[in-house]
Amino acid sequence: MNYRVIINMPISNHEVPELRELVGWGRRDKDYPTLFERCNFWAGVRDENNKLIAFGYVCGMGLEHGYMEDIIVHPEYQKQGIGVKLVKELLQESERFGLGIVTVTYEEANINFYKTCGFTPGSGGVWHS
């Protein structure tokens, strides 16, 4: 099936936490709907039954630099190109939005995925409280 990435698609508050849980991440229920109010834009993909199967967003101050986060694809739909399509659409929207730089952090095991999406790997750090 040809899945369509939609920028700023309507998403119910429970849908992203459920998707996060399916991939083994914390649900972070309290983040929604606040995330939709504060991020620059988001994108989602739905299956033929209208179930959210992929999600990601870009946030920042709305200046030149944005940060891509929470690229999630439902486990049953991974390895089908949906994630690459999602990221590339978010990057195109970043250009339309006026962002010249988009950064993302990822686990080393995902380096080839992000290279395929057009990112240049670099070194950096992540701080957690």
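Every value quoted in this text rests on a predicted model; they were computed, and no experiment measured them. Numbering of residues starts from 1 in each chain and follows the order in which that chain's sequence is written. For this predicted model, a pLDDT threshold of at least 70 governs which residues receive local features, and a threshold of 80 or more governs which side-chain atom pairs are given and counted, while totals over whole chains, interfaces and linings are taken from all residues. Excluding hydrogens and water, the side-chain figures rest on all heavy atoms present in the structure.

Enquirer: Go over unusual backbone geometry with me, naming the residues and quoting the values.
Expert: Look at the link from tyrosine 32 to proline 33: it is a cis peptide, with omega at 20°. Helix numbering and strand numbering both begin at the N terminus, where a helix is a DSSP run of H or I of at least 4 residues and a strand a DSSP run of E of at least 2. Relative to the helices and strands, proline 33 is located in the loop between helix 1 (15-22) and helix 2 (34-38). Positioned with a positive phi, asparagine 8 is a non-glycine residue whose angle comes to about 55°. Among the residues examined, asparagine 8 registers a relative accessible area of 35% and is labelled partly exposed. Phi angles above zero are rare outside glycine, and asparagine 50 is one such case at about 70°. Considering the arrangement of structural elements, one finds asparagine 50 in the loop between strand 2 (41-46) and strand 3 (52-60). Judged by its relative accessible area of 52%, asparagine 50 falls in the exposed class. A 1.4 Å probe rolled over the protein chains alone gives each residue an accessible area, and that area as a share of the maximum for its type sets the label: buried under 20%, exposed over 50%, partly exposed in between.

Enquirer: I'd love a proper account of helix 1, names of residues and values included.
Expert: Every buried residue belonging to helix 1 is among Glu15, Val16, Pro17, Leu19 and Arg20, and all of these are buried. In this fold, the buried residues of helix 1 make contact with helix 2, strand 2, strand 3 and strand 4 (65-73). In the stretch just after helix 1, glycine 24 is the one whose phi turns positive, near 90°. Throughout, a residue-residue contact means that at least one pair of heavy atoms, one from each residue, lies within 4.5 Å.

Enquirer: Which residues make up the nonpolar core, and what are the values?
Expert: By size, the foremost hydrophobic cluster in this structure holds 22 residues, and its most contacted members are Val45, Met68, Ile71, Ile82, Leu86, Leu90 and Phe119. Elements that contribute at least two residues to this core include exactly strand 2, strand 3, strand 4 and helix 3 (82-97). The residues touching methionine 68, leaving out its near neighbours within four places in the chain, are Tyr57, Val58, Val87, Leu90, Leu91, Val102, Thr103, Val104 and Phe119. Counting 13 residues, the second-largest nonpolar core is a separate cluster that includes Met9, Cys39, Phe55 and Tyr57. Nonpolar cores were defined as sets of buried Ala, Val, Leu, Ile, Met, Phe, Trp, Tyr and Cys residues, with membership established by side-chain atoms within 4.5 Å.

Enquirer: Any details on the packing of aromatic side chains? Residues and values, ideally.
Expert: A pair of Phe, Tyr and Trp rings is counted when the ring centres sit within 6.5 Å of each other, with Trp represented by its six-membered ring. The angle between the planes then sorts it: under 30 degrees is stacked, over 60 is edge-to-face, the rest tilted. Following the criterion strictly, the structure yields nine aromatic pairs and no others. Geometrically, the ring pair formed by phenylalanine 36 and phenylalanine 55 is edge-to-face, given 6.2 Å between the ring centres and 85° between the ring planes. Remark: phenylalanine 55 occurs in strand 3 and phenylalanine 36 occurs in helix 2; sequence separation between them is 19 residues. With respect to class, phenylalanine 36 is no different from phenylalanine 55; both count as buried. Aromatic side chains phenylalanine 55 and tyrosine 57 sit 6.1 Å apart centroid to centroid with 45° between the ring planes, which places their arrangement in the tilted category. Three or more aromatic residues link up through ring pairs in this structure, and these residues are Tyr32, Phe36, Trp42, Phe55 and Tyr57.

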